[in-house]
Amino acid sequence: MNDDVRNIVLGVVATGVSAALGWIARTYLWKRKLRRKQAFFGLPDNSESLLVVNRDGGGAERAVSRNDVFALLELSALIKDCGAHAQILSHDTARQGFGERTEFCVGGPSSNRRMAAHLESLLPGVRVTINPDSDLERIVFRIGGERYLMESGKTEYVILARLTADLGQGTKPVFLFCGQRAITNQAATRYLARHHERLARKYRTDSFVLLLRVVNSQAYGPDVVELVGDVTRTARTPTAEPDLQRSDHTA
C-alpha cells in the first residue's frame, strides 16, 4: 500500500470515527435533555397523564372554549414529546386523588370544580372573587394581600403552578393553569411550552407558583406574556381572611 492509498484510508477511517463520535454525543445530549424534561413533567416513557378540562363559562354545560381547546393541544404536544399518553376528563368527572399520574388542570375555579378543590387544598393563599355586575372587578385574584384586577383584552392575569403534596398517593406533579379568561389559560400553557427548560433548571422538580400577566390579548392573543413574580410562598400560606364570594362566571 503506497502513501496515497494509506492516507485515503486513514482519512476515511478518521471521518467515520468522527461521525460516529458526533452521533453518539448528539444522542447522549438529546437523551439527557429528554430525561430532564420527563423528570420536570413527571412523564417517563409510556406513562399516563390526566388532562382536566373546564367548561365554557358562557356556553353549554359540556362546551369547551376554543382557547381552552388550544391550551389542551399545547399540553398534548408536550406530553407526546415525553413519550407519554394523556387521558382527557371533564372537571366534574375527575373524582380521584392526585400524585399517581401527572395532571394538567385548566380553567378558573368556577368553571372547573377540580381547580377549585386544588386551590383550596394546595394554594390556600389564593382567592378568586367574582362580581359579574362590575367590569373592573368582575374577576379579581387576591394572593396574600395583593389584588390583581382584570381589564378584559388589555391586562389579564393567570396562575401557572407546578405542585406536589403529601395529600396524594404518589409524587407526580399537578400543573395548574388558572386564568381570568380562557385566553389566559392558553397563554399559560404556551408560556410553559416555551420556557419549561428554564423552569426545570431553576426549580428542578420542586413546586412553584408563578403569576403571569397577559398583555393586550385583543391585539396579540396569548403570545405576549410577562412574569409578574414567583408567588409560591404567599400562595401556599393560608390567609387569615374569610373566603371571598365565588360565582359561576369565571373563565
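This text goes with the structure placed above it.
Here's a quick rundown of the structure. These figures come from a predicted structure and were not determined experimentally.

## Comments concerning the state of the cysteines
For the structure on display, the rule yields 0 disulfides. Just so you know, Cys105 is unpaired, no disulfide at all, and the nearest cysteine sulfur is the one on Cys178, 8.6 Å from it.

## A closer look at the pairing of strand S6 (residues 146–149)
Pairing analysis gives 4 bridges linking strand S5 (residues 139–143) to S6, with the strands arranged antiparallel. Within S6, the residue paired with Arg142 across the bridge is Arg147.

## With respect to helix H3 (residues 113–122)
Along H3, the positions that sit buried rather than exposed are Arg114, Met115, Ala116, His118, Leu119 and Leu122. Where H3 is buried, its residues touch strand S1 (48–53), strand S3 (102–106), strand S4 (126–130), strand S7 (155–163) and strand S8 (174–179).

## Quick notes on the layout of surface pockets
Taken as a whole, the largest pocket spans an internal volume of roughly 300 Å³. Contributing to the lining of the largest pocket are 13 residues, with Arg36, Lys37, Glu197, Ala200 and Arg201 lying nearest its centre. The set of elements that each furnish at least two residues to the lining of the largest pocket consists of helix H1 (3–41) and helix H4 (182–203). Top element by residues in the lining of the largest pocket is H1. It accounts for 7 residues. In the lining of the largest pocket, the residues fall into 4 nonpolar, 2 polar and 7 charged.

## As for the pattern of salt bridges
If you walk through the whole model with that rule in mind, you get 9 salt bridges. In this structure, Asp223 and Arg194 form a salt bridge, with 3.4 Å as the shortest nitrogen-oxygen distance. Remark: Arg194 occurs in helix H4 and Asp223 occurs in the loop between helix H5 (217–220) and strand S10 (225–230); sequence separation between them is 29 residues. For Asp223, a relative accessible area of 36% corresponds to the partly exposed category. Beyond isolated ion pairs, a larger network of salt bridges with shared partners links Glu74, Arg190, Arg194 and Asp223.

About the cut-offs
- Residues numbered from 1 in each chain as written.
- Predicted model: local features only at pLDDT ≥ 70, side-chain atom pairs only at ≥ 80, totals over all residues.
- Heavy atoms only, no water.
- Disulfide = S-S within 2.5 Å.
- Pairing = 2+ DSSP bridges.
- Helix = DSSP H or I, 4+ residues; strand = E, 2+ residues; numbered from the N terminus.
- Buried < 20%, exposed > 50% of the residue type's maximum accessible area, 1.4 Å probe, protein only.
- Contact = heavy atoms within 4.5 Å.
- 1 Å grid on protein atoms, 1.4 Å probe; cavity = no way out; pocket = protein on both sides within 12 Å on 5 of 7 lines; lining within 4 Å.
- Points joined across faces, edges and corners; volume = space filled by probe spheres on them.
- Nonpolar A, V, L, I, M, F, W, Y, C, P; charged D, E, K, R; others polar.
- Salt bridge = Lys/Arg side-chain N within 4 Å of Asp/Glu carboxyl O.

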